[in-house]
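In case you want the letters, here they are:
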Amino acid sequence: MSRTAANPTRSERWLRGLTLAALGLAAVVIVLGAWTRLADAGLGCPDWPGCYGHLDVRGAIEHVEQQNREKPGTLREAHKTVPEMVHRYVAATLGLLITLVAGVSVYRRRIANERVTLPLTLLGLVIFQGLLGMWTVTLGLHPTIVMLHLLGGFATFTLLAWFAARLYQWPRFINDCDVRTLRRPAWLALFAVILQIALGGWTSTNYAALACTDLPTCQGQWWPETDFATAFVPWHGLGIDYEGGILDGPARTAIHMSHRLGAVVATGVVLALALACLARGRAPGLRAAGAGVAALLALQVALG
């Protein structure tokens, strides 16, 4: 990136603004995706890209209400079209912003010889995310597709944050000798977090969150009946409606228990990294980063 952080050119200002806007919108898309999931509206629109053939959510609501008046119970509840379509609108806007980011980056490569690998990777990722969004609906909430869609959303946000950091040449302590000694623990912590997010996604997409309703025990036992043989089968075929889940109780319990064990491991690894940043970091920014990670970890454990 250009080293004119204090006096950026016009194109660099555009690139920074677009990237920050995309970063904020990516966070909104992740929240909206969670809202859609928790509202049980993943199939609120069973077709794609429209909703019952309508691109306007109001038209979709009117269609559903009319069909249900004429033949009660024919279609899902009309209100479930709203979170799904709002999610699609915002995700499409994010895709447009990332396309602009990639376009401006390519333009800047011509005038400033800057690398475009990261913005082009983002462009490819958001296109793939669109395909996953389509398959999520057309394949009836297939757990593997939904989990990949979740991971893709977090990957998009992470890469946008990385790109924004490069544009603003932040953080300043990135080449500090203390930081270099923490690279391996940081990669290990990153891997643990990604794996835990995947386990959380698998728990949600297989409707296994309520397989255990007590903590720290599960169903009143430390280790209830589980079925790992079928719990993590990635593909069950096409033409299946996965809404509500298709696994039996022991398989869902196995998924839930795996998520709990993963949480213990991820907590230990991330906490060790945060403490190392606090203990070994001489740069104030590094210590602040360690404290921030520790605080977010405590919040996440409390939420869990």
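The rules we used
Residues numbered from 1 in each chain as written. Predicted model: local features only at pLDDT ≥ 70, side-chain atom pairs only at ≥ 80, totals over all residues. Heavy atoms only, no water. Phe/Tyr/Trp six-rings, centres within 6.5 Å; stacked < 30°, edge-to-face > 60°. Helix = DSSP H or I, 4+ residues; strand = E, 2+ residues; numbered from the N terminus. Lys NZ or Arg CZ within 6 Å of the ring centre and 35° of its normal. Core = buried A, V, L, I, M, F, W, Y, C linked by side-chain atoms within 4.5 Å. Buried < 20%, exposed > 50% of the residue type's maximum accessible area, 1.4 Å probe, protein only. Expected span 1.5 Å × (residues − 1). Patch = residues over 30% accessible without salt bridge, like charges linked within 9 Å, V, L, I, M, F, W, Y side chains within 5 Å. Areas by Shrake-Rupley, 256 points an atom, 1.4 Å probe, with all protein chains shown as cover. Salt bridge = Lys/Arg side-chain N within 4 Å of Asp/Glu carboxyl O. Disulfide = S-S within 2.5 Å.

Caption draft 1: Structural context of the packing of aromatic side chains. This model, assessed by the stated rule, comprises four aromatic pairs. On the numbers, 6.5 Å between centres and 15 degrees between planes, the contact of W202 with F232 is stacked. You can see W202 sitting in helix α7 (residues 183–205) and its partner F232 sitting in the loop between α8 (228–231) and α9 (249–280), a full 30 residues away along the chain. Pairwise contacts between aromatic rings join W202, W223, F228 and F232 into one cluster. The ring of Y168 carries R16 above its face, with NZ or CZ at 4.5 Å from the centroid.

Caption draft 2: The arrangement of the nonpolar core in detail. Of all hydrophobic cores here, the largest spans 22 residues; its most connected members are L15, A22, L94, I98, L160 and F163. Those elements giving two or more residues to this core turn out to be α1 (10–38), α3 (81–112), α4 (117–138) and α5 (143–167). Ranked by residues supplied to this core, first place goes to α1 with eight residues. Within the second largest apolar cluster, 13 residues are counted, among which are L182, C277, L286 and L297.

Caption draft 3: Spatial organisation of α3. Compared with an ideal rise of 1.5 Å per residue, which puts 32 residues at 46 Å, α3 spans 46 Å between its outermost C-alpha atoms and is within 8% of the ideal. Backbone geometry just after α3 places N113 at a positive phi near 55 degrees.

Caption draft 4: Spatial organisation of a nonpolar patch on the surface. A cluster of nonpolar side chains, namely W222, W223, F228, F232 and L261, defines an oily patch on the protein surface of about 570 Å² accessible area. The partly exposed category is assigned to F232, whose relative accessible area is 34%.

Caption draft 5: Structural view of the state of the cysteines. Counting across every chain of the model gives two disulfides. Residue pairing for C45: its cysteine sulfur links by disulfide to C51, the two sulfurs lying 2.1 Å apart. In this structure the cystine formed by C45 and C51 twists about its S-S bond by roughly -80 degrees; its chirality is therefore left-handed. Given the relative accessible area of 0%, C51 is considered buried. Across the disulfide, C212 is cross-linked to C218 (sulfur-sulfur distance 1.8 Å). Here C212 and C218 share a disulfide; its torsion about the S-S bond, -70 degrees, makes the bridge left-handed. Overall, C212 belongs to the buried group, its relative accessible area being 5%. Relative accessible area serves as the criterion here: at 1%, C218 is assigned to the buried category. Within the chain, bonded cysteines paired by disulfides and numbered along the sequence follow the pattern 1-2, 3-4.

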